[in-house]
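These are the residues of each chain, in order.
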Amino acid sequence: MLGTPEGVKVVDHPLVQHKLTVMRDVETSTRGFRQLLREIAGLLTYEATRDLELTDVHIRTPVAEMNAKKLAGKKLVFASILRAGNGLLEGMLDLVPSARVAHIGLYRDPETLQPVEYYFKAPDDLSERVVIVVDPMLATANSAVAAITKMKERGAKDIRFVCLLAAPEGIKHFREMHPDVQVVTAAIDDHLNDHGYIVPGLGDAGDRMYGTK
Ligand code: PRP
Ligand code: URA
């Protein structure tokens, strides 16, 4: 893939790249992987929220009165694609503790690589909120596309997608299906293998987070 595709922001900050390398390493423990995902989540969220609207408020500091900035509008919604999305979610909530949370239960059928939905719960008023959908891995993008379609069906209009790693094939598919949704990722890897895994990638994010196989 030559250059960064339109609608995609690669967060090439040194701290993000360092943490990602440790996460990729097969020798990194479950505990280390989970902790690093939480830490990187904050840095990715910082980028994904860069253009949030601000409003002026009048406050009094211990020294003087002033007009200052606060976030405008309703609280953000973070929508986690289960299971692995929860690893990013924790770090995002560290940064924005008052955000509302949606859970989208999807697993990828290993044969068809199609997502199977098993759970959905989201706040009602999605049309009035900025929604950030999160999942560490954008491989075929089937899961992310399905999750965002669901959020749109429930009224969401201003949506961003945050992941840790993306495959070029996934980005292409995602951009075709949801060209209005910006993708924020720490890296775009080389390709997908025959099993739909990102290469070089980091393996199965959910398994590495929770110590399952
Ligand atoms: C992984 C990952 C994404 C999906 C990405 O989830 O967390 O949700 O695969 O693949 P895709 O882009 O090809 O759809 P998985 O289905 O393994 O479920 P888990 O998070 O419960 O382990
Ligand atoms: N899901 C993962 O967790 N890892 C991949 O490489 C692809 C899909």
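Here the residue numbers are simple positions, counted from 1 along each chain's written sequence. Ligands are numbered from 1 and chains lettered from A, in the order in which they are written. Totals for whole chains, interfaces and linings use every residue, but because this is a predicted model, local features are given only for residues with pLDDT of at least 70 and side-chain atom pairs only at 80 or more, for both listing and counting.

- Under an unreviewed UniProt entry, the name given to the protein chain is Uracil phosphoribosyltransferase, and the source organism is Faunimonas pinastri.
- UniProt positions are given in the numbering used here, feature names are shortened, and annotations may be inferred rather than shown by experiment. If you open the UniProt record of the protein chain and go to Pathway (unreviewed entry), you find "Pyrimidine metabolism; UMP biosynthesis via salvage pathway; UMP from uracil: step 1/1."
- UniProt lists a comment for the protein chain under the heading Catalytic activity (unreviewed entry), and it reads "UMP + diphosphate = 5-phospho-alpha-D-ribose 1-diphosphate + uracil".

1. Considerations on helix α1 (residues 14-24)
Then step 1. Buried within α1 are the following residues: V16, K19 and M23. Along the axis of α1, the buried residues cluster in a sector spanning 75°; they form a single face. Exposed side chains of α1 directed beyond 90 degrees from the buried face belong to P14 and H18.
Then step 2. Looking at the buried positions of α1, the neighbouring elements they touch are α2 (30-48). To assign burial, the other C-beta atoms lying within 10 Å of each residue's own C-beta are counted, with C-beta atoms placed from the backbone; 20 or more indicates buried, 12 or fewer indicates exposed, and intermediate counts indicate partly exposed. Where helices and strands are cited, they refer to DSSP runs of H or I of at least four residues and of E of at least two residues respectively, numbered from the N terminus. Each direction from the helix axis to a C-beta atom contributes to the arc, which is the arc of those directions. This entry defines residue contacts through backbone-placed C-beta atoms, with two residues in contact when those atoms are within 7 Å.

2. Some details on the pairing of strand β6 (residues 115-121)
Then step 1. Whether two strands pair comes down to DSSP finding at least two bridges between them. Across six bridges, the pairing between strand β5 (residues 100-108) and β6 is antiparallel. What sits directly across from R108, in β6, is P115.
Then step 2. Here β5 folds back onto β6 in antiparallel fashion, the turn holding six residues, of which L113 has a positive phi close to 60°.

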